[in-house]
Amino acid sequence: MIIGGHMSIGGGFRDAPARARDIGLDAMQVFTKNQRQWIAKPLNMEDVHGYMENMKKYDIKITVAHASYLVNLAAPDDEKFKKSIDSMLHELQRCDILNIPYLVFHPGAHMGKGEKEGLKRIVDGLNSIIDKMENINARIAIETTAGQGTNLGYKFDHIAYMLDNVSDKSKVKVCMDTCHIFAAGYELRSKEGYEKTMEEFEKMIGFENLKVVHLNDSEKSLGSRVDRHAQIGRGYIGKEGFRNILNDFRFKDIPLILETPGGEALYGEDLKMIKEILGGG
Ligand code: ZN
Ligand code: MN
Ligand code: MN
């Protein structure tokens, strides 16, 4: 298994691989820029080269990126919609400079326009991005959401709709967040419930499209539609659910990225829990 964690890049990219290795992580996720601002300074190439060297030195298998929280491809407002497209393209370019293969993003919130309109808008946004991806290597990964507020992507059929309607399927992949799908109503705890969830994922989306997993427990109950992460084994998914997830061969080669509360300071506790669960605890 490839366990990673979302790492802070406040001090630059260069030192993140060593910190990840120190914790015992084999993969990372980063924001390529401040996640709460549209504009970013160009990447510091000295920092980028140092980062690349340290990826090798500390044997980090893969880094993925998470897009800005401001991006909303379902935004009814034209200016916000256009800004979201530009921001995604800009972040994809930064991914290429950093040699990051996937940019994970939340598909968007329809803000009262309705789900059907929102889904169409997202596809339009994705297609505008794809039109300009000719020289970009990084791929977009749509994240499954908890369905909080008017956020789309909380049903596997939403993701299936997006994949089916984009102009170039090869450019769009998927990220499954375990907290989000559980909060959205997909059972993970019982053996039967877990298998049913994964069979539905396979049928609607397909594991061949799954490139990133966000490994989070949930502070809120099944179907709550509230996006609140918990540390592994300490939320509603619990050890039961993670026993199913961590023993699932379908996740063997996919980076499992922790986005648990406490971040870098507490990932060690999550890793300890993961070992305990795998050891039969
Ligand atoms: Zn996310
Ligand atoms: Mn996530
Ligand atoms: Mn979340």
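All of the points below concern the structure found in this document. Keep in mind the model is a prediction, meaning the values are calculated, not measured. (Residues numbered from 1 in each chain as written. Chains lettered and ligands numbered in written order. Predicted model: local features only at pLDDT ≥ 70, side-chain atom pairs only at ≥ 80, totals over all residues. Heavy atoms only, no water.)

1. Here we look at the side chain of His-158
Its location among the elements puts His-158 in helix H5 (residues 156–165). Residue His-158 is classed as buried on the basis of its relative accessible area, which comes to 5%. Here Glu-115 takes part through its side chain, which lies 3.5 Å from a polar atom of the side chain of His-158. The residues contacting His-158, other than those within four sequence positions of it, are Glu-115, Leu-119, Leu-152 and Gly-153. (Helix = DSSP H or I, 4+ residues; strand = E, 2+ residues; numbered from the N terminus. Buried < 20%, exposed > 50% of the residue type's maximum accessible area, 1.4 Å probe, protein only. Polar contact = N/O pair within 3.5 Å; in protein donor to acceptor, adjacent residues only side chain to side chain. Contact = heavy atoms within 4.5 Å.)

2. Focus: the state of the cysteines
Tallied over the full model, the rule gives zero disulfides. Free cysteine Cys-175: the closest other cysteine sulfur is in Cys-179, separated by 12 Å. According to the relative accessible area criterion, Cys-179 is buried, its value standing at 0%. (Disulfide = S-S within 2.5 Å.)

3. Describing the packing of aromatic side chains
Using the criterion set out here, one finds six aromatic pairs in the structure. Measuring from centroid to centroid gives 5.0 Å for Phe-201 and Phe-207, while their planes differ by 55°, and the two rings are tilted. Judged by relative accessible area, Phe-207 falls into the buried class, the value being 13%. Aromatic ring contacts, followed pair by pair, group Phe-156, Tyr-186, Phe-201, Phe-207 and Phe-251 into a single cluster. Note that Arg-121 overlies the ring of Phe-81, its terminal NZ or CZ placed 3.9 Å from the centroid. Here the basic side chain of Arg-225 rests over the ring of Tyr-154, its NZ or CZ set 3.9 Å away from the ring centre. (Phe/Tyr/Trp six-rings, centres within 6.5 Å; stacked < 30°, edge-to-face > 60°. Lys NZ or Arg CZ within 6 Å of the ring centre and 35° of its normal.)

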